[in-house]
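So you can see what is in the structure, the chains are spelled out below.
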Amino acid sequence: RVLVASVAVLICFLMLASRLVYLQIYRHTDLDEQAEANRTAIVPIVPNRGLITDRNGIVLATNYSAYTLEITPSRLIRPLEQTIEELSQIVDIQPRDRRRFKKLLEESKSFESLPVRTRLTDEEVARFAAQRFRFPGVDIKARLFRNYPWGELASHVIGYIGRINQSEKERIDEGEDSANYRGTEYIGKLGVEQSYEAQLHGTTGVEQMETSAGGRAVRRLASNPATPGNTVVMSIDIKLQKLIEDLYGDRRGAMVALDPKTGEVLAFVSKPTFDPNLFV
C-alpha cells in the first residue's frame, strides 16, 4: 500500500511539474501578453477641432469651453443608478441625459470619464462643488463645444457637426482611420465641416493607464498628447456674403459669386437658411 501511495503521489507531482513547465516555458509569451493587457488600458484623448475662417481671417466656426458633469464608473463607491439619482437632486439631469449616458457607457470602458450633464451653469457648478465630497468618481470638467458665431450666415457652405450615428460609426470602423476616432462623439455633417473632416478633426492622443484587477485606474504610465485639427481658410468673403444675404431678404433662391480671374468662390448663398448652432 505504501508503494502504491508513493507511486500515486509521484505521478501527481509529475503532472504538476509538467503543467508548470508547459505554462512557464511553452505558453510564457502568450500568457505574458495577456497579463500585460489586463494590467494596462489605453484611454483616448480627443483633439480640439480646427477652426474655419473666411479669406480675411474672420472666424466662422470655433470652439468654446463649458463645464460638464462626468462620471468614472470604476471609481464609484455606490451603484451607478443610485449615484445618478442623488446627483439629480443637486444638478438638473433630464431623461435624455440619462439615455445619452447609458449609450456612452455601453460603448466605453469603466475607467473612462463620461459626461452625464453638459453645459452646466455657474450656479450648478457651485452647488455640486459644495457636495463634491459625497461623490467619489464624479467630477466637473471643461469640454469644448462647437460654435458658429455668425449663426445663419453662410450656414449651407460652412455646415455643422452632429453626434455620430450608427451608419457613420460602421463606416468609420471599416475605414483605415477608425483608431483616430476613438472617444470622438461628433463628426461633420454638411458643408465644409463634412468635406474637410479629416483636416478639421486632428489626431487623437492616448494615455496608457495601469489598472487594478477590479478595473480601477491606478496611475498613468505614459501619455501621448492629441494634435489639434488644422484651421481651414475658405475663399468666402463673409462681409460680401452678408451683403448678398441681406439683399435676398425673405426671398428663396441660390447664388454663387466667383472671382473670374482665379475661380475662387467669394459668396455662396442659399435661401432659406438655418442656424447650425441648433444641431450641435
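It should be emphasised that the depicted structure is a prediction, and the values quoted were computed from it without experimental measurement. (Residues numbered from 1 in each chain as written. Predicted model: local features only at pLDDT ≥ 70, side-chain atom pairs only at ≥ 80, totals over all residues. Heavy atoms only, no water.)

**Student:** Residue-level account of the overall build of the chain, with values.
**Tutor:** On a plain count of helices and strands, the chain comes out with 10 helices and 12 strands. In terms of C-alpha radius of gyration, the chain reaches 27 Å, well past the compact-globule figure of 19 Å for 280 residues. Once the C-alpha set of the chain is aligned to its principal axes, its extents read approximately 110 × 50 × 30 Å. In the chain, which comprises 280 residues, the share counted as buried stands at 35%. Within the chain, residue pairs in contact and separated by at least 24 positions form 71% of the contacts whose partners lie at least 6 positions apart. (Helix = DSSP H or I, 4+ residues; strand = E, 2+ residues; numbered from the N terminus. Rg over C-alpha atoms; globule rule 2.2 N^0.38 Å. Buried < 20%, exposed > 50% of the residue type's maximum accessible area, 1.4 Å probe, protein only. Contact = heavy atoms within 4.5 Å.)

**Student:** Please provide a residue-by-residue account of the pattern of salt bridges, values included.
**Tutor:** Under the definition given, this model contains 18 salt bridges. As a salt-bridge pair, glutamate 81 and lysine 102 come within 3.8 Å of each other at their nearest N and O atoms. Within this pair, whereas glutamate 81 is found in helix α3 (residues 80-87), its partner lysine 102 is found in helix α4 (residues 95-107), the two being separated by 21 residues in sequence. Where aspartate 97 meets arginine 100, a salt bridge forms, and the shortest distance between an N and an O atom there is 3.5 Å. Pair noted here: aspartate 97 and arginine 100 are both in helix α4, with a separation of 3 residues, about one helical turn. (Salt bridge = Lys/Arg side-chain N within 4 Å of Asp/Glu carboxyl O.)

**Student:** An account of the side chain of arginine 146 is requested, with residue identities and associated values reported.
**Tutor:** By the secondary structure assignment, arginine 146 is in strand β5 (residues 138-147). A polar contact of 2.8 Å, which involves the side chain of arginine 146, links it to the backbone oxygen of glycine 50. Looking at arginine 146, its side chain comes within polar contact range of the side chain of asparagine 63, at 3.0 Å. (Polar contact = N/O pair within 3.5 Å; in protein donor to acceptor, adjacent residues only side chain to side chain.)

**Student:** A description of the pairing of strand β11 (residues 253-258) should follow, citing residues and the corresponding values.
**Tutor:** In this sheet, strand β12 (residues 265-271) lies alongside β11 in antiparallel orientation, the contact comprising 6 bridges. Following the sheet pairing, alanine 254 is matched in β12 by serine 270. Taking the residues that link successive antiparallel strands as the turn, the β11-β12 hairpin has 6 residues, and the phi of glycine 263 there is positive, at about 80 degrees. (Pairing = 2+ DSSP bridges.)

**Student:** Hey, could you go over the packing of aromatic side chains for me, with residue numbers and the actual values?
**Tutor:** Under the defined criterion, the tally for this structure stands at 5 aromatic pairs. Centre to centre, the rings of phenylalanine 274 and phenylalanine 279 are 5.7 Å apart; their planes meet at 80 degrees, and the pair counts as edge-to-face. With relative accessibility at 18%, the residue phenylalanine 274 sits in the buried group. An aromatic cluster is defined as three or more aromatic residues linked by ring pairs; in this entry it consists of Tyr160, Phe274 and Phe279. (Phe/Tyr/Trp six-rings, centres within 6.5 Å; stacked < 30°, edge-to-face > 60°.)

**Student:** Outline helix α5 (residues 122-130), listing residues and values.
**Tutor:** Owing to its 3.6 residues per turn, the α-helix brings residues three or four apart onto one side. What α5 keeps buried is the set Glu124, Val125 and Phe128. Take α5 and look down its axis: the buried residues cluster within an arc of 100 degrees, on one side only. Counted as exposed and oriented over 90 degrees from the buried face of α5: Asp122, Glu123, Ala129 and Ala130. Each element contacted by the buried residues of α5 is listed here: β3 (59-71), α3, β4 (114-117) and β5. (Arc of directions from axis to C-beta.)

**Student:** I'd like a description of the packing of α3 against α4, backed by residues and values.
**Tutor:** The packing of two helices is summarised by the inter-axis angle and the distance between the axes. Packing of α3 against α4 leaves a shortest axis separation of 13 Å and a crossing angle of 150 degrees. Judged by the inter-axis angle, α3 sits roughly antiparallel to α4. The handedness of the crossing between α3 and α4 comes out as right-handed. On the side of α3, the interface is formed by Leu80, Glu81, Ile84 and Glu85, while α4 contributes Arg98, Phe101, Lys102 and Leu105. Looking at the contact of α3 with α4, its residues break down into 4 nonpolar, no polar and 4 charged. (Axes fitted to C-alpha atoms, helices over the stretch in contact; angles between N-to-C directions. Parallel < 35°, antiparallel > 145°, perpendicular 65-115°, else oblique. Left-handed = near helix turned anticlockwise from the far one by under 90°. Nonpolar A, V, L, I, M, F, W, Y, C, P; charged D, E, K, R; others polar.)

**Student:** Account for the environment of tyrosine 64, naming residues and giving values.
**Tutor:** Secondary-structure assignment places tyrosine 64 in strand β3. Here tyrosine 64 falls in the partly exposed class, since its relative accessible area comes to 30%. For tyrosine 64 and alanine 142, which are 78 residues apart along the polypeptide, the C-alpha to C-alpha distance reads 9.6 Å. In this view, tyrosine 64 contacts Arg119, Arg143, Leu144, Phe145, Arg146 and Asn147; residues no more than four positions away in its chain are not counted.

**Student:** Residues and numbers for a nonpolar patch on the surface, please.
**Tutor:** A cluster of nonpolar side chains, Leu3, Val7, Ile11 and Met15, forms an exposed patch at the surface whose accessible area comes to about 410 Å². Summarising the element assignment, leucine 3 is placed in helix α1 (residues 2-26). With relative accessibility at 66%, the residue leucine 3 sits in the exposed group. (Patch = residues over 30% accessible without salt bridge, like charges linked within 9 Å, V, L, I, M, F, W, Y side chains within 5 Å. Areas by Shrake-Rupley, 256 points an atom, 1.4 Å probe, with all protein chains shown as cover.)

**Student:** Account for the environment of asparagine 165, with residues named and values stated.
**Tutor:** In this fold, asparagine 165 is placed in the loop between β6 (161-163) and α7 (166-174). In this structure asparagine 165 comes out as partly exposed when scored by relative accessible area, which is 33%. Each C-alpha atom, one on asparagine 165 and one on histidine 201, is 17 Å from the other, the two residues being 36 residues apart in sequence.

That's the geometry; what it means functionally is another story.
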